[in-house]
Amino acid sequence: MTIGIKKVARPREMSFPESLYLLEILKGLGVTMGHMLSNIVHQEGIKTIEYPEVRREMPPRFRGRHRLMKRQDGTPRCVACFCCATACPAKCITIVAGETPDPAVEKYPVRFDIDMLRCVFCGMCVEACPCDAIRMDTGWFTPPDDTREKLIFTIDTLLEK
Ligand code: SF4
Ligand code: SF4
């Protein structure tokens, strides 16, 4: 049985000036300065924006933050039918239905919460609603917040936008 001889490739030793990386640092700084000067001269070509002061215009089909629609008298259009909560794959909609004195409206949502930490922005709730009572056409992202409680949007939050 013959034993193969393995060749071990080792990187060549760097010279002292190479080990200081001065040339490479200068090359990197050159690229950075080049971009900076180019952005100062051609500001119209800058791709970044100063979010959140400046916001991009979202396409019409963008699924943003939810809102609940109102009737002309200001009451929620929602009739607490639970279709949206049933269709929601993330199970993040909580509805508590109540009776209304209005004989034309059977029920209304006493409570309507969406847990935005669980929402996957699929739009199934909007598709499922028979009353066009919930929409995702605000063009807004869900803003970051510092507690979980603040990211459970209540009926008041959903109705105000
Ligand atoms: S967008 Fe999707 S995940 Fe979010 S509440 Fe609606 S159905 Fe649920
Ligand atoms: S938002 Fe629409 S689907 Fe959801 S409970 Fe209200 S009426 Fe039903």
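Here the structure is a predicted model, which means the values were calculated and not measured. (Residues numbered from 1 in each chain as written. Chains lettered and ligands numbered in written order. Predicted model: local features only at pLDDT ≥ 70, side-chain atom pairs only at ≥ 80, totals over all residues. Heavy atoms only, no water.)

> So what about the sheet that holds strand 5 (residues 152-153)? Which residues, and what values?
The antiparallel open sheet is built from three strands, whose spatial order is 2-3-5. Two strands lie at the open edges of the sheet, namely strand 2 (93-99) and strand 5, each paired on one side alone. Strand direction decides the pairing type here: strand 2 and strand 3 (residues 107-115), joined by seven bridges, are antiparallel. Residue pairing across strands places glutamate 99 opposite lysine 107, the latter belonging to strand 3. (Pairing = 2+ DSSP bridges. Helix = DSSP H or I, 4+ residues; strand = E, 2+ residues; numbered from the N terminus.)

> Explain the state of the cysteines to me, and be specific about the residues and the numbers.
A full pass over the atoms with the stated rule returns zero disulfides. Residue cysteine 83 stays outside any disulfide, its sulfur separated by 3.5 Å from that of cysteine 81, the closest cysteine. (Disulfide = S-S within 2.5 Å.)

> Give a detailed account of the site of ligand 1, specifying residues and quantitative values.
Ligand 1 sits among 14 residues. The nearest are Cys88, Cys119, Cys122, Gly123 and Cys125. Of the residues contributing to the shell around ligand 1, the split by class is 12 nonpolar, two polar and no charged. (Near = heavy atom within 4 Å. Nonpolar A, V, L, I, M, F, W, Y, C, P; charged D, E, K, R; others polar.)

> Just give me the short version of the nonpolar core, but keep the residues and values in it.
Core analysis: the biggest nonpolar cluster contains 24 residues, and Leu68, Ile93, Ile95, Phe112, Ile114 and Ile134 have the highest contact counts within it. Those elements that provide at least two residues to this core are helix 3 (83-87), strand 2, strand 3 and helix 5 (155-160). Of the residues forming this core, the biggest block, three residues, is contributed by helix 5. In contact with phenylalanine 112, other than residues within four places in its own chain, are Leu68, Cys78, Cys84, Ile93, Thr94, Ile95, Ile134, Phe153, Thr154, Ile155 and Leu158. (Core = buried A, V, L, I, M, F, W, Y, C linked by side-chain atoms within 4.5 Å. Buried < 20%, exposed > 50% of the residue type's maximum accessible area, 1.4 Å probe, protein only. Contact = heavy atoms within 4.5 Å.)

> Tell me about the pattern of salt bridges, residues and numbers included.
Going through the model one piece at a time under the given rule, you end up with nine salt bridges. Between aspartate 137 and arginine 67 there is a salt bridge, with the nearest N and O atoms lying 2.8 Å from each other. Of this pair, aspartate 137 sits in the loop between strand 4 (134-135) and strand 5 while arginine 67 sits in strand 1 (residues 67-68), and the two are 70 residues apart along the sequence. Between arginine 135 and aspartate 137 there is a salt bridge, with the nearest N and O atoms lying 3.9 Å from each other. A relative accessible area of 25% places arginine 135 in the partly exposed class. The structure contains a network of salt bridges with shared partners spanning Arg67, Arg77, Asp132, Arg135 and Asp137. (Salt bridge = Lys/Arg side-chain N within 4 Å of Asp/Glu carboxyl O.)

> I'd like a description of the site of ligand 2, backed by residues and values.
For ligand 2, the set of nearby residues contains 14 residues, the closest of which are Cys78, Cys81, Phe82, Cys84 and Cys129. Each residue belonging to the shell around ligand 2 can be placed in one class, and the counts come to 14 nonpolar, no polar and no charged.

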